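The primary structure of each chain is shown beneath.
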Amino acid sequence: MQALVLEEKGVLSLRDIDLPLTVGPDDVKIAIHTVGICGSDVHYYTHGRIGPFVLREPMVLGHEAAGTVVEVGSAVKHLNVGDRVCMEPGVPNLSSRASKLGLYNVDPDVRFWATPPVHGVLAPFTVHPAAFTYKLPDNVSFAEGAMVEPFAIGMQAATRARIQPGDVAAVIGCGPIGIMVALAALAAGCSRVFISDLSSEKLAVAEQYPGILPVNILERSFAEVIAEATGGWGADVVFEASGSPRAFDGLFELVRPGGTVVLVGLPVEKVAVDVAGAISKEVRIETVFRYANIFDRALELIASGKVDLKPLITGTYDFADSIAAFERAAAGNTSDVKLQIRLADGT
Ligand SMILES: [Zn+2]
């Protein structure tokens, strides 16, 4: 079947490729409907690698997906043919020590779509464990279903932060993940979420949500704004979602004594951290790697209407135009948040 294949760094093709489609007893086969383009897909396209994961042979891209169940394994109980679903792209070894602890996102054996050498799902069909396949509520579209994966990272960050009702949060970085974190923090009970960036176009996207307050750091320092807003006390929770080494300069000035800093962005190089600044406030530091046990909750929030991800979908392409979609994503248009590719009709 035809798939969007990353042949090597910088070379994409839409071509036939053999993908395993055997449905085991615990699996479902899914006709893919919508796939979002993630920063990691684009990075493999432009750089051919992310950290230790190096593209050595052609790989199908795409891991943010929704579709329709077309075949069900004999042992599957909770899904039926025709169900609209979204899928968790990482499949852990369920017997692993990490999985038994409920930390399956950090299972060293996890196989994650579109992470070499595992193929992604920019293809008409995939076979996936039913345990990591989630039925979409009737009022959640395929496009929204394909947004659950990036939103799940924001949800994981809010969960790790242990937000309390009324908390004031500060998010560094207004990229797609920063916005997802801000929305999840609001849904978790934050009263106000300040978000910083140097791009006024990115901040304008976040500003359309009541409760999210944009701060352009070309105009004012983030620390100054947070201090002013909190009477000099600091934010209860600070999320680092930029991955920029510069964000670590003065990071602990943003947080209140006894507050929490959650590290979400992944810096490429080692960064210097002001340990004394953290210790003097007894800051709790948390980290986020993907997500575990989040998809059900994300779908609940979206279905309830408390979180609306639709305004973040800034472009939709037909499967035949996938390469153009990736070229636009690689161009890094600042007003784009999420581009999606549709492989089938209907909503
Ligand atoms: Zn992603």
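Let me begin by describing the structure that accompanies this report. Predicted model, so just to flag it, every value in this text is computed and none were measured. (Residues numbered from 1 in each chain as written. Predicted model: local features only at pLDDT ≥ 70, side-chain atom pairs only at ≥ 80, totals over all residues. Heavy atoms only, no water.)

The next thing to look at is the overall build of the protein. On a plain count of helices and strands, the protein comes out with ten helices and 20 strands. In terms of overall dimensions, the protein is globule-like: its C-alpha atoms have a radius of gyration of 20 Å, near the 20 Å expected for 347 residues. Out of the 347 residues belonging to the protein, those deemed buried represent 52%. Partitioning the intrachain contacts of the protein with sequence separation of at least 6 by distance along the chain shows that 71% fall at a separation of at least 24. (Helix = DSSP H or I, 4+ residues; strand = E, 2+ residues; numbered from the N terminus. Rg over C-alpha atoms; globule rule 2.2 N^0.38 Å. Buried < 20%, exposed > 50% of the residue type's maximum accessible area, 1.4 Å probe, protein only. Contact = heavy atoms within 4.5 Å.)

When its volume is computed, the second largest pocket comes out at roughly 380 Å³. Pro-20, Arg-111, Trp-113, Thr-126 and Val-127 are, among the 20 residues lining the second largest pocket, the residues nearest its centre. Top contributing element to the lining of the second largest pocket by residue count: strand S11 (residues 125-129), with five residues. Residues belonging to the lining of the second largest pocket are distributed by class as follows: 13 nonpolar, five polar and two charged. (1 Å grid on protein atoms, 1.4 Å probe; cavity = no way out; pocket = protein on both sides within 12 Å on 5 of 7 lines; lining within 4 Å. Points joined across faces, edges and corners; volume = space filled by probe spheres on them. Nonpolar A, V, L, I, M, F, W, Y, C, P; charged D, E, K, R; others polar.)

This structure, assessed with the given rule, holds four aromatic pairs. Residues Tyr-45 and Phe-326 carry aromatic rings whose centres are separated by 6.2 Å and whose planes lie at 90 degrees to one another, so their mutual orientation is edge-to-face. Placement of the pair is Tyr-45 in helix H1 (residues 39-47) and Phe-326 in helix H10 (residues 322-331), with a sequence separation of 281 residues. Taken together, a centroid distance of 5.5 Å and an interplanar angle of 75 degrees make the contact between Tyr-104 and Phe-132 edge-to-face. Residue Tyr-104 is found in the loop between helix H2 (97-100) and strand S10 (111-112), and its partner Phe-132 is found in the loop between S11 and strand S12 (133-135); the two are separated by 28 residues along the sequence. We classify Tyr-104 as buried; its relative accessible area is 8%. Of the aromatic side chains, those joined through ring pairs into one cluster are Tyr-134, Tyr-291 and Phe-295. A cation over an aromatic ring shows up here: Lys-29 above the ring of Phe-125, its NZ or CZ 4.8 Å from the ring centre. Positioned over the ring face of Phe-142 is Arg-84, at 4.7 Å from the centre of the ring. (Phe/Tyr/Trp six-rings, centres within 6.5 Å; stacked < 30°, edge-to-face > 60°. Lys NZ or Arg CZ within 6 Å of the ring centre and 35° of its normal.)

So, on to the coordination of the zinc ion. Every protein donor of the zinc ion is listed here as Cys-38 (SG), His-63 (NE2), Glu-64 (OE) and Glu-149 (OE), and their distances to the metal cover 2.2 to 2.8 Å. One way to put it: the four donor atoms around the zinc ion meet at angles of 79 to 166 degrees, and that makes the site irregular. Donor residues for the zinc ion, ordered by position in the chain, follow C-x24-H-E-x84-E. You can see Cys-38 sitting in the loop between strand S3 (27-36) and H1 and its partner Glu-149 sitting in helix H4 (residues 148-161), a full 111 residues away along the chain. No difference in accessibility class separates Cys-38 from Glu-149, as the two residues are buried. (Donors = N, O, S within 2.8 Å, 3.2 Å for Na, K, Ca; no water. Tetrahedral: all angles 85-135°; square planar, octahedral: opposite > 155°, others 65-115°.)

Turning our eyes to something else, we now look at the nonpolar core. If you look at the biggest cluster of nonpolar residues, it comprises 57 residues, and the most contacted ones within it are Phe-151, Phe-239, Leu-309 and Leu-312. For this core, the secondary structure elements donating two or more residues are H4, strand S13 (168-172), helix H5 (176-187), strand S14 (192-197), helix H6 (200-207), strand S16 (235-240) and helix H9 (295-304). A total of eight residues in this core trace back to one element, the largest contributor, which is H4. Among all residues touching Phe-239, those that are not within four sequence positions of it are Ala-157, Ala-158, Ala-161, Ile-163, Ala-169, Ala-170, Val-171, Ile-172, Val-181, Ala-185, Val-262 and Val-264. Within the second largest apolar cluster, 38 residues are counted, among which are Ile-37, Tyr-44, Met-59 and Met-87. (Core = buried A, V, L, I, M, F, W, Y, C linked by side-chain atoms within 4.5 Å.)

Turning our attention to H4. Here H4 contains 14 residues, and its C-alpha end-to-end distance of 19 Å stays within 8% of the 20 Å for a straight helix at 1.5 Å per residue. Summarising burial for H4: twelve of the 14 residues are buried, a large majority. Those residues of H4 lying buried are Val-148, Glu-149, Pro-150, Phe-151, Ala-152, Ile-153, Gly-154, Met-155, Gln-156, Ala-157, Ala-158 and Ala-161. In the stretch just after H4, Arg-162 is the one whose phi turns positive, near 55 degrees. (Expected span 1.5 Å × (residues − 1).)

Any functional reading would require information that these geometric values do not contain.
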